[in-house]
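# Structural description and commentary
The primary structure of each chain is shown beneath.
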Amino acid sequence: MAATPWRTAQGDRKHPVDATLPPFKMFTSGLQHVAAMYAGVVAPPMIVGPACGLGPTETAFLMGASLFTAGIATLLQTLGFWKIGARLPFVNGVSFAGVTPMVAIGKAQSPGDALPVIFGAVIVAGVLGFLLAPYFSKLVRFFPPVVTGTVITLIGVSLLPVAFDWSQGGDATAHDYGSPVNIGMAALTFVIVLVLRRVLRGFLQQISILLGLVAGTLIAIPVGITDFGEITEAAPVGFPTPFHFGAPQFDAAAVLSMCIVMLVCMTESTADMLALGKIVDRPADERTIEGGLRADTLGTAISPLFNGFANSAFAQNIGLVAMTRVRSRFVVATGGLILIVLGLCPVAASVISLVPLPVLGGAGIVLFGSVAASGIQTLAAAAMDKGENALIVAASVGIGLIPIAAPRFYHDFPKDMLVVLDSGISTGCIVAIVLNLAFNHFGKRRGEPPLEVIPQQPERGAPDARAAGAH
């Protein structure tokens, strides 16, 4: 890991999470986070917009609104205020968990009412989640290393198919989907990122993903897979007018559907915060989880005001933190500011969109693989030789891989159940928690301690023993 100078306060060294970088490094590192998550932010509105009867212009407006609200949610998460925000390098954006229910809601309504009904349901779900955050955060006691390691591994493995899809072109209906050119560009970008990580040092090594994306995009121009259409048609300024599509409407079925989505998002965000806490060496305790869930749900509740959807953690950016070892939350906050600017300036957003999906896919394989590697590293410390921990991991990973290995496995189940079942992270997490309770807690002899204890984070503002020693 390249040494990062931490600014000091009153003679005490700050934890790397609370450190700041020089402005240029702060900007480029934040831009790298935006580049890694851009496609994931704009994809849901690209799907939901047409399903609600929107044309290309209005769908582009919806994409800008998603960037803007993702930036607000990321700032809430990284900087925080009061008891809101995990204050970790945690990126928030539009959750994919809500795409299928929102498409179903949109198709069940007339075109003029579709988005207002969706926005009304998202507002109620966000408020409910905010109220539940203090209680939901207490679930952290059920996430010992055998559970967190399993979930972190599943997060990485679940994201890899996304990278593979991007590597093929991202649009299964396109004539060049999976073509040798697309896969070749993904492979070339993959190699470029690895070479840059091997030969560069210091800060340049930390932004190797960004450099790899730039190099891959430049190579893709003569190859002919870079689309300049968006940048030529984009407007220089475009503010997401509040309630652009009409005042929110409240439909009971839609509200129930999005509340279920909110619970799924909260489960995944809890797992993501635990994963990120281990990666940055600041374990997420109950208070951190509570603040993070409050930021998630508050960001979700206010997003519809600016025509945005439910927000949750972006696991791909956890991979970026794991790979670069740049742990500053202010770097991610800079990324949040960049997202807000992109939402207000469609031309700037279109520049980021120049990165072809195959190029992004090649880099994504490295990023998402890094998350899985972090999970395996956590499992190595999970006392796998004791009790039934190996069985817990085997069963949880097996169940969690079902939606990935067999996407139509649950095709005959009710659609409402698919919100949970189609998320390998959620199903694997639930199975791991239940089996850990069954094998490591219930039925143990009186006085026998559980196999694992969750390390607690020191009180905010208290001296951190790790920060005082060598990093």
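Calculation rules
- Residues numbered from 1 in each chain as written.
- Predicted model: local features only at pLDDT ≥ 70, side-chain atom pairs only at ≥ 80, totals over all residues.
- Heavy atoms only, no water.
- Phe/Tyr/Trp six-rings, centres within 6.5 Å; stacked < 30°, edge-to-face > 60°.
- Buried < 20%, exposed > 50% of the residue type's maximum accessible area, 1.4 Å probe, protein only.
- Lys NZ or Arg CZ within 6 Å of the ring centre and 35° of its normal.
- Helix = DSSP H or I, 4+ residues; strand = E, 2+ residues; numbered from the N terminus.
- Polar contact = N/O pair within 3.5 Å; in protein donor to acceptor, adjacent residues only side chain to side chain.
- Contact = heavy atoms within 4.5 Å.
- Expected span 1.5 Å × (residues − 1).
- Bend = angle between axes of the 7 residues up to and from the residue.
- Core = buried A, V, L, I, M, F, W, Y, C linked by side-chain atoms within 4.5 Å.
- pLDDT = per-residue confidence, 0-100.
- Salt bridge = Lys/Arg side-chain N within 4 Å of Asp/Glu carboxyl O.

## What about the packing of aromatic side chains?
- Evaluation of the coordinates by the stated rule reveals five aromatic pairs.
- Geometrically, the ring pair formed by Tyr-410 and Phe-413 is edge-to-face, given 5.5 Å between the ring centres and 90° between the ring planes.
- With a relative accessible area of 10%, Tyr-410 lands in the buried category.
- Taken together through their ring pairs, the aromatic side chains of Phe-409, Tyr-410 and Phe-413 make up a single cluster.
- Sitting above the plane of the Phe-130 ring, Arg-294 keeps its charged end 5.8 Å from the centroid.

## As for the side chain of Thr-297
- Checked against the element boundaries, Thr-297 lands in helix H11 (residues 286-302).
- Since its relative accessible area comes to 0%, Thr-297 is described here as buried.
- Separated by 3.2 Å, the side chain of Thr-297 and the backbone oxygen of Arg-294 make a polar contact.
- Those residues within four positions of Thr-297 in sequence are excluded, and the remaining contacts are Gly-126, Gly-129, Phe-130, Met-262 and Met-266.

## Quick look at helix H5 (residues 145-168)
- Counted at 1.5 Å a residue, the expected span for H5 with its 24 residues is 34 Å, and the 35 Å between its end C-alpha atoms agrees.
- Just beyond H5, the residue with positive phi is Gly-169, at close to 130°.

## Examining helix H15 (residues 357-379)
- Across its 23 residues, H15 extends 32 Å between first and last C-alpha, which sits within 8% of the 33 Å expected from 1.5 Å per residue.
- Roughly 30° is the biggest bend found in H15, and it falls at Gly-364.
- Counting buried positions along H15 gives 17 out of 23 residues, so the element sits mostly inside the fold.

## With respect to the nonpolar core
- Counting residues in each nonpolar core, the largest one holds 104 residues, and the members touching the most others are Leu-115, Ile-118, Ile-209, Met-258 and Phe-309.
- Looking at which element gives the most residues to this core, the answer is helix H10 (residues 252-279), with 14 residues.
- Residues contacting Leu-115, with those up to four places away along its chain left out, are Cys-52, Leu-54, Phe-245 and Phe-309.
- If you look at the next biggest cluster of nonpolar residues, it comprises nine residues, including Ile-72, Leu-75, Phe-306 and Ala-333.

## Description of the confidence of the model for the protein
- Confidence in the prediction of the protein, expressed as mean pLDDT, is 79, and 85% of residues score 70 or more.
- Low pLDDT, under 50, characterises residues 451-471; the predicted model gives this stretch 44 contacts beyond four residues in sequence or across chains.

## Observations regarding unusual backbone geometry
- For Arg-87, which is not a glycine, the phi torsion comes out positive at approximately 55°.
- Along the chain, Arg-87 turns up in the loop between helix H2 (56-78) and strand E3 (92-94).
- Backbone geometry at Phe-243 places phi at a positive 50°, although glycine is not the residue there.
- As for its placement among the helices and strands, Phe-243 is situated in the loop between helix H9 (229-233) and H10.

## Points about the side chain of Ser-66
- Its place among the elements puts Ser-66 in helix H2.
- Beyond its immediate chain neighbours, meaning those up to four positions away, Ser-66 contacts Val-41, Pro-45, Val-94 and Phe-309.

## Focus on the pattern of salt bridges
- By the definition in use, this model includes four salt bridges.
- Salt-bridge contacts for Lys-138 lead to Glu-286; the nearest nitrogen and oxygen are separated by 3.1 Å. Of this pair, Lys-138 sits in the loop between helix H4 (111-136) and H5 while Glu-286 sits in helix H11; the two residues are 148 residues apart in sequence, bridging distant segments of the chain.
- With a relative accessible area of 25%, Glu-286 lands in the partly exposed category.
- Of the charged contacts, one joins Glu-290 and Arg-294 as a salt bridge, the two residues approaching to 2.6 Å between their closest N and O atoms. Highlighted residues: Glu-290 and Arg-294, both in helix H11, separated by four residues, approximately one helical turn.
- Owing to a relative accessible area of 16%, Glu-290 belongs among the buried residues under this scheme.

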